[in-house]
Amino acid sequence: MSLYELFTSKGPSGFGYASTAEQVTEGVSLEGKTILVTGCNSGLGLESLRVLKLRGARVVGTARTVDKARAAGSSVPLACELSDPASVRACVESVRRDGVRLDAILCNAGIMALPKLAQAHGFELQFFTNHIGHFILVTGLLDLLADDGRVVMLSSAAHQMAPKAGIEFDNLSGEKRYGSWRAYGQSKFANLLFAKELARRFVGTKHVANAVHPGVISTNLSRHLHAGISVIVGLVGWVGQKSVPQGAATQLYAAVHPATATTSGHYFADCNVAKNRPDADDPAIAKRLWEVSEEIVARLA
Ligand SMILES: NC(=O)c1ccc[n+]([C@@H]2O[C@H](COP(=O)([O-])OP(=O)(O)OC[C@H]3O[C@@H](n4cnc5c(N)ncnc54)[C@H](OP(=O)(O)O)[C@@H]3O)[C@@H](O)[C@H]2O)c1
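Right, let's walk through the structure included here.

Calculation criteria
- Residues numbered from 1 in each chain as written.
- Predicted model: local features only at pLDDT ≥ 70, side-chain atom pairs only at ≥ 80, totals over all residues.
- Heavy atoms only, no water.
- Axes fitted to C-alpha atoms, helices over the stretch in contact; angles between N-to-C directions.
- Helix = DSSP H or I, 4+ residues; strand = E, 2+ residues; numbered from the N terminus.
- Parallel < 35°, antiparallel > 145°, perpendicular 65-115°, else oblique.
- Left-handed = near helix turned anticlockwise from the far one by under 90°.
- Contact = heavy atoms within 4.5 Å.
- Nonpolar A, V, L, I, M, F, W, Y, C, P; charged D, E, K, R; others polar.
- Phe/Tyr/Trp six-rings, centres within 6.5 Å; stacked < 30°, edge-to-face > 60°.
- Buried < 20%, exposed > 50% of the residue type's maximum accessible area, 1.4 Å probe, protein only.
- Pairing = 2+ DSSP bridges.
- Right-handed = clockwise from strand over helix to strand, strands pointing away.

## Describing the packing of helix H6 (residues 125-141) against helix H7 (residues 180-202)
1) Next: At a minimum axis separation of 7 Å, H6 and H7 run at an interaxial angle of 20°. By the angle class used here, H6 and H7 are roughly parallel. The interaxial crossing formed by H6 with H7 has right-handed handedness. Between H6, through Gln-126, Phe-127, Asn-130, His-131, His-134, Phe-135, Val-138 and Thr-139, and H7, the contact on the second element is made entirely by Ser-180, Ala-183, Tyr-184, Gln-186, Ser-187, Lys-188, Ala-190, Asn-191, Phe-194 and Leu-198.
2) Next: Residues belonging to the contact of H6 with H7 are distributed by class as follows: eight nonpolar, nine polar and one charged.

Have a look at this one:
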């Protein structure tokens, strides 16, 4: 496929690489719907918040601080610092007090490729922030999901960079070995496994769970890349980078489009179902990650 075809082609959904968040939600009324978006103050989260509100949704927008969530324009601004379980639990309690059913939970927040090992509560920070923080949030809110509620996890094509084992259960601290992209890849593999395991647990209900790769988009996500890598990413980006409105399209397609209301357990890219690394479909790894995550969370103060 030529670059021109890649950038202009559309998949079975009728959308493709170049579709924007506004285009995939055109004609979709979200009046009366409540959608939670994590990391609503920057990049893809901020664009998702804007477009969801444009379509009439009430957006519970979370950020590291309530001020950031408010400044972003959240209908219900909440603090949710994902590396701090107390903050995530307080966020869960605030949503519960709000008393409204959630039509979708969009787990968008994330950090990428920290050059040196950093930890939270003894665990590698990307695994903890991107996976454990969202695990606490989503499992704490599951009973508030509307009957046809959806969970969307931001994964990444970088899930392919996860270690051979997928998840290194013997090295969740990162202390035995650490590589910035391996660790990011592992955290995004965990996001993908979590969506797939949720989908298995949702069987027999109308709930759905999916994971998405948004594309390659220039956002604050690259803040931890050192200058040399940034130049390479910039050059790659010059050829194949999406804009932020294009980057937010796939997650909104999975979160609110009528065509995906019953699609579950899939990985989306360019607004279409795509292929993930085959071992992400191994239910044994996903089940183990769920159980280990529960044990970790139970031990956290
Ligand atoms: N951009 C890409 O090319 C790309 C590609 C594949 C996947 N993704 C995924 O897309 C998602 C959105 O990324 P983006 O590109 O929009 O990046 P971004 O502009 O850096 O936004 C990330 C968001 O996550 C928040 N966040 C980071 N650490 C947090 C923490 N500990 N607690 C709570 N919130 C935290 C950030 O808050 P602050 O602003 O306060 O730090 C920000 O709101 C991420 O999950 C990323 O892995 C992006």
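Next comes the rest of the description.
## Some points on the packing of aromatic side chains
1) Next: All told, the structure shown has seven aromatic pairs when counted by the stated rule.
2) Next: Aromatic pair Phe-15 and Tyr-253: ring centres 5.7 Å apart, planes at 65°, arrangement edge-to-face. With Phe-15 in the loop between helix H1 (3-8) and helix H2 (21-24) and Tyr-253 in helix H10 (residues 249-256), the pair connects residues that are 238 residues apart, well separated along the chain. Pair check on accessibility: Phe-15 and Tyr-253 agree, each one buried.

## Description of the pairing of strand S1 (residues 34-38)
1) Next: Of all five residues that make up S1, five are buried, and the element is covered over most of its length.
2) Next: Of the two faces of S1, the one carrying Thr-34, Leu-36 and Thr-38 and the one carrying Ile-35 and Val-37 are both buried.
3) Next: Bridge count for S1 against strand S2 (residues 58-63) is five bridges, and the pairing is parallel. Looking at S2, one finds that Ile-35 is bridged to Val-59.
4) Next: Once you follow S1 into helix H3 (residues 43-54) and on to S2, the crossover reads as right-handed.
5) Next: For S1 and strand S4 (residues 102-107), the ladder comprises three bridges, and the chain directions are parallel. Residue pairing in the sheet places Val-37 in a bridge with Leu-106 of S4.

Spatial relationships are all this shows, so hold off on functional conclusions.
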